[in-house]
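Analysis of the macromolecular model
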Amino acid sequence: MGDIALCQTPAVSALLYRLSNAEVNRVDGIVDSTAVHTAVESELGRESPLSRKGDIELVFVGRLVEIKDPTSVIELVDSLPSKYSLTIVGDGPHQSRVEAAMQEVGVCDRVQIAGRLPHKETLRVIYESDLLLLSSKTESYGAVVFEALSLNTPVLATPVGVLPTIDHPLLTTAELSTFENVLPTIDLETNDGIDEETLNRFSVDRFTQDVRSHLISTVER
């Protein structure tokens, strides 16, 4: 497999260590820096794509499919005080299940399905929300999480993929069954604007630079 192997997730790292003699290196980076800046800076002063329904606005971003477990987020909202509301950004084959769950538990007045939005509008909704929820049963790198952290939006996520290895003050990982108790303990008073340090750490540009650096060091050996 060569002298050096690059990957993003701990599971792949462990597999490479077991199956190969190559030097294994983790590289981070998945966020489009330009898109983040455009979403925040060019939209200031314009009408927001987010229609707030409560004092604390949660956001779920992702395909409405089984692996993302969107209906569990509806159940979570039902268990929370009325000051919490939710915007769902995304569509998919389980949208009817989500809508049925909303009707069944009676949270239609606190949950809105925005559908699939352009990337810039999705980033803007994340930026204007108070917290991003990720309820996935499995993920690899979870781009939306790193976009939210770059936008100074706290994240509560299941411990999937690379997330348990990420040390960031705005990222909380917990089992889905504990979200109801964990969520009220999270500090939602974050800074406005973009977190440039986080954006640089998880940007595509940083990924490119790190890969290039590893390739150069290998060639020069």
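The paragraphs below set out a description of the structure included in this document.

Procedures and definitions
Residues numbered from 1 in each chain as written. Predicted model: local features only at pLDDT ≥ 70, side-chain atom pairs only at ≥ 80, totals over all residues. Heavy atoms only, no water. Helix = DSSP H or I, 4+ residues; strand = E, 2+ residues; numbered from the N terminus. Rg over C-alpha atoms; globule rule 2.2 N^0.38 Å. Contact = heavy atoms within 4.5 Å. Areas by Shrake-Rupley, 256 points an atom, 1.4 Å probe, with all protein chains shown as cover. Lys, Arg positive; Asp, Glu negative; His and termini not counted. Charge placed at Lys NZ, Arg CZ, Asp CG, Glu CD. Phe/Tyr/Trp six-rings, centres within 6.5 Å; stacked < 30°, edge-to-face > 60°. Buried < 20%, exposed > 50% of the residue type's maximum accessible area, 1.4 Å probe, protein only. Pairing = 2+ DSSP bridges. Axes fitted to C-alpha atoms, helices over the stretch in contact; angles between N-to-C directions. Parallel < 35°, antiparallel > 145°, perpendicular 65-115°, else oblique. Left-handed = near helix turned anticlockwise from the far one by under 90°. Nonpolar A, V, L, I, M, F, W, Y, C, P; charged D, E, K, R; others polar. 1 Å grid on protein atoms, 1.4 Å probe; cavity = no way out; pocket = protein on both sides within 12 Å on 5 of 7 lines; lining within 4 Å. Points joined across faces, edges and corners; volume = space filled by probe spheres on them. Arc of directions from axis to C-beta. Polar contact = N/O pair within 3.5 Å; in protein donor to acceptor, adjacent residues only side chain to side chain.

**With respect to the overall build of the chain**
Regarding its fold elements, the chain presents 9 helices and 8 strands. In terms of C-alpha radius of gyration, the chain reaches 19 Å, essentially the compact-globule figure of 17 Å for 221 residues. Over its C-alpha atoms, taken along the principal directions, the chain stretches across nearly 65 × 40 × 35 Å. Look at the contacts in the chain between residues 6 or more apart in sequence, and 69% of them connect residues 24 or more apart. Accessible area of the chain: about 11100 Å², with a carbon and sulfur share of 47%. Side-chain charges of the chain comprise 18 positive and 34 negative groups, with the mean position of each set lying 4 Å from the other.

**Looking at the packing of aromatic side chains**
Here the structure, examined in full by the defined rule, presents 2 aromatic pairs. Judged by centre distance (4.7 Å) and plane angle (25°), the ring pair of Tyr141 and Phe146 falls under stacked. Tyr141 sits in the buried class, given a relative accessible area of 3%. Phe146 gets classed as buried once you look at its relative accessible area, which sits at 0%. Ring centres 4.5 Å apart and planes at 40° place the aromatic pair Phe146 and Phe202 in the tilted group. Pair noted here: Phe146 is in helix H6 (residues 143-150) and Phe202 is in the loop between helix H8 (196-201) and helix H9 (204-219), with a separation of 56 residues, a long-range link.

**Some words on the sheet that holds strand E8 (residues 171-173)**
Spatially, E5-E4-E3-E6-E7-E8 is the arrangement adopted by the 6 strands of the open sheet, whose pairing is parallel. Here the strands that pair on one side only, and so sit at the sheet edges, are strand E5 (111-115) and E8. Here the strands of the sheet are splayed against their neighbours by 25° on average, with no regard to which way each runs. Helix H4 (residues 95-105) contacts strand E4 (84-89) and E5 of the sheet and is inclined by roughly 165° relative to E5. Against the sheet, helix H5 (residues 119-128) engages strand E3 (56-61) and E4, with an angle of about 145° to E3.

**Focus: the packing of helix H3 (residues 70-79) against H4**
When two helices pack together, their arrangement is given by the angle between the helix axes and the distance between those axes. At a minimum axis separation of 9 Å, H3 and H4 run at an interaxial angle of 20°. The orientation of H3 with respect to H4, classified from their angle, is roughly parallel. In the packing of H3 onto H4, the handedness of the crossing is right-handed. Residues Pro70, Thr71, Ile74 and Asp78 of H3 touch H4, and the partners they reach there are Arg97, Val98, Ala101, Met102 and Val105. Residues belonging to the contact of H3 with H4 are distributed by class as follows: 6 nonpolar, 1 polar and 2 charged.

**Details of the layout of surface pockets**
Of the pockets and cavities examined, the largest pocket occupies roughly 360 Å³. What lines the largest pocket is a set of 22 residues, among which Val61, Gly62, Arg63, Val89 and Thr122 lie closest to the centre. Of all elements in the fold, only E3, H5, strand E6 (131-134) and H6 reach the threshold of two or more residues within the lining of the largest pocket. Reported here for the second largest pocket is a volume of approximately 160 Å³. Around the second largest pocket, the lining residues are Tyr127, Glu128, Ser129, Asp130, Leu151, Asn152, Thr153, Pro154, Leu188, Thr190, Asn191 and Asp192. For the lining of the second largest pocket, the per-class residue count stands at 4 nonpolar, 5 polar and 3 charged.

**Description of helix H2 (residues 33-41)**
Turning to H2, its buried residues number three or more, namely Ser33, Ala35, Val36, Ala39 and Val40. Along the axis of H2, the buried residues cluster in a sector spanning 165°; they form a single face. Buried residues along H2 sit in contact with H5, H8 and H9. The N-cap residue of H2 is Asp32: its side-chain oxygen and the backbone nitrogen of Thr34 are 3.1 Å apart.

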